[in-house]
Amino acid sequence: MGQRLSGGRSCLDVPGRLLPQPPPSPPPVRRKLALLFAMLCIWLYMFLYSCAGSCAAAPGLLLLGSGSRAAHAPPALAPGPDGTAPRLPLQAAPVTPLAAGKEPAEGAASQEEQSPETPDSPSSISSFFSGSGSKQLPQAIIIGVKKGGTRALLEFLRVHPDVRAVGAEPHFFDRSYDKGLAWYRDLMPRTLEGQITMEKTPSYFVTREAPARISAMSKDTKLIVVVRDPVTRAISDYTQTLSKRPDIPTFESLTFRNRTTGLIDTSWSAVQIGIYAKHLEHWLRHFPIGQMLFVSGERLIRDPAGELGRVQDFLGLKRVITDKHFYFNKTKGFPCLKKAEGSSKPHCLGKTKGRTHPEIDRDVVRKLREFYRPFNLKFYQMTGRDFGWD
């Protein structure tokens, strides 16, 4: 017990020196900083999650491509008991037939409907949260009309943080109805609570089966129709086809069944689409007029913010899209969205929009106006709005 170690120290002193010492506790300041950093990270995550839909609409930040793309191939349907693919009881009917000699021209025009210009890429915030939310069937659909201004309306609406829309035209209720609602829903972008899912397919308005099919999906679906002077619309329709097939007959020869008698050929789709009152009658058998909004294609060019105000009210949205989002492009003759944040260029519709129309014989234009006048007046009465085409 009393043995001494070298250096004159007692062996009793050794254990205390050899035992490992506990690490010194971190200073209180470090603990507070670590806790503050952790709380900041949690707060930042919750803030970004809550802003997934609304932050995208900060003034000047235009998310024209925030909607999911429908470019992916549709999922395969499970085969039925007999080995055949399952189909819905209602089958998609063909589009309104055209005169035999005019079918190729319309076929060429429809290609642009199936492959519209690709919208801008989604923002980083939208991409980050692309897996959030759920896919819903659309609560609102732009059903027409072709060459009326539907693409412009959809692009303008996509600026709104509470609107999510498919970029391409699904053509579900006229061409792909047999694929089923599950396939249709899968085309839609994901939405958060409080956001509206939309799509646009202009050919629905002239498809006889579309009203009943959309009503069967949901009787509460809100319908938007962009209409335009039917004479100007017909010329624009022809111009689109002409850009694809320069060898088609002249507008004058396609307009008349008999040029001498002045009998208009209503089997030509460019003429038929503009008989708005006739097509509207089919829709009013399934939807009340108050569930449909008729947008003026002419006013959408002259006063886009004013017309968008009506649309936002109709959809029950806050009026976020205002004059500050637009400027007029004199070269194209169309309003464009002001440049998005971080971009040096504004956003205008693609080169397929705003084509120069060919010169049409004034006598042909006059006879077309006379043909459309009674239908226009009836359309004004049905909608309660005078569009001033006469």
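Everything quoted here is computed from the prediction, not taken from an experiment.

Asker: Explanation requested: the overall build of the protein chain in the structure shown.
Answerer: When you go through the protein chain residue by residue, the secondary structure sums to 14 helices and 11 strands. Within the protein chain, the fraction of its 390 residues that count as buried is 45%. A fraction of 74% describes how many contacts in the protein chain between residues 6 or more apart in sequence connect residues 24 or more apart. Carbon and sulfur atoms make up 58% of the accessible area of the protein chain, which totals about 20600 Å².

Asker: Please clarify how the packing of helix α11 (residues 276–284) against helix α14 (residues 362–383) should be interpreted in this entry.
Answerer: A pair of packed helices can be characterised by two numbers: the angle between their axes and the separation between those axes. At a minimum axis separation of 8 Å, α11 and α14 run at an interaxial angle of 35°. Residue-level contacts link Y276, A277, L280, E281 and L284 of α11 to F375, K378, F379, M382 and T383 of α14. Grouping the amino acids of the contact of α11 with α14 by side-chain chemistry returns 7 nonpolar, 1 polar and 2 charged.

Asker: Whenever I open this one, the UniProt feature "binding site: 3'-phosphoadenylyl sulfate" (unreviewed entry) in the protein chain confuses me. Can you help?
Answerer: Using the residue numbers shown here, the UniProt feature "binding site: 3'-phosphoadenylyl sulfate" (unreviewed entry) corresponds to K147, G148, G149, T150, R151, R228, S236, K353, G354, R355, T356 and H357. Assignment of secondary structure puts S236 in helix α8 (residues 230–244). A relative accessible area of 8% places S236 in the buried class. If we ignore the near neighbours within four places in the chain, the residues touching S236 are K147, R228 and H357. Residue position: H357 is located in the loop between β11 (334–337) and α14. Here H357 is in contact with R228, T232, I235, S236 and T239, once residues within four sequence places are set aside.

Asker: Where do I start with the pattern of salt bridges in this structure?
Answerer: Scanning all chains against the criterion turns up 20 salt bridges. Its salt-bridge partner being K135, residue D186 comes within 3.4 Å of it at the nearest N-O pair. With D186 in helix α6 (residues 181–187) and K135 in strand β1 (residues 134–135), this residue pair connects regions lying 51 residues apart in the sequence. A salt bridge links R310 to E307, with the nearest nitrogen and oxygen atoms 3.1 Å apart. Linking R310 with E307, this pair stays in helix α13 (residues 304–314), spanning 3 residues, or about one helical turn. Note on R310: relative accessible area 25%, which makes it partly exposed. Here the residues in one salt-bridge network are R299, D303, E307, R310 and R385, joined through shared partners.

Asker: Is there a simple way to think about α8 in this case?
Answerer: Owing to its 3.6 residues per turn, the α-helix aligns residues three or four sequence positions apart on the same side. Counted at 1.5 Å a residue, the expected span for α8 with its 15 residues is 21 Å, and the 21 Å between its end C-alpha atoms agrees. Most of α8 sits out of view: 11 of its 15 residues are buried. What α8 keeps buried is the set P230, V231, R233, A234, I235, S236, D237, Y238, T239, Q240 and T241. Looking at where α8 begins, the residue whose side-chain oxygen comes 3.0 Å from the main-chain nitrogen of V231 is D229.

What counts and how
Residues numbered from 1 in each chain as written. Predicted model: local features only at pLDDT ≥ 70, side-chain atom pairs only at ≥ 80, totals over all residues. Heavy atoms only, no water. Helix = DSSP H or I, 4+ residues; strand = E, 2+ residues; numbered from the N terminus. Buried < 20%, exposed > 50% of the residue type's maximum accessible area, 1.4 Å probe, protein only. Contact = heavy atoms within 4.5 Å. Areas by Shrake-Rupley, 256 points an atom, 1.4 Å probe, with all protein chains shown as cover. Axes fitted to C-alpha atoms, helices over the stretch in contact; angles between N-to-C directions. Nonpolar A, V, L, I, M, F, W, Y, C, P; charged D, E, K, R; others polar. UniProt positions renumbered as here; feature names shortened; annotations may be inferred. Salt bridge = Lys/Arg side-chain N within 4 Å of Asp/Glu carboxyl O. Expected span 1.5 Å × (residues − 1). Polar contact = N/O pair within 3.5 Å; in protein donor to acceptor, adjacent residues only side chain to side chain.

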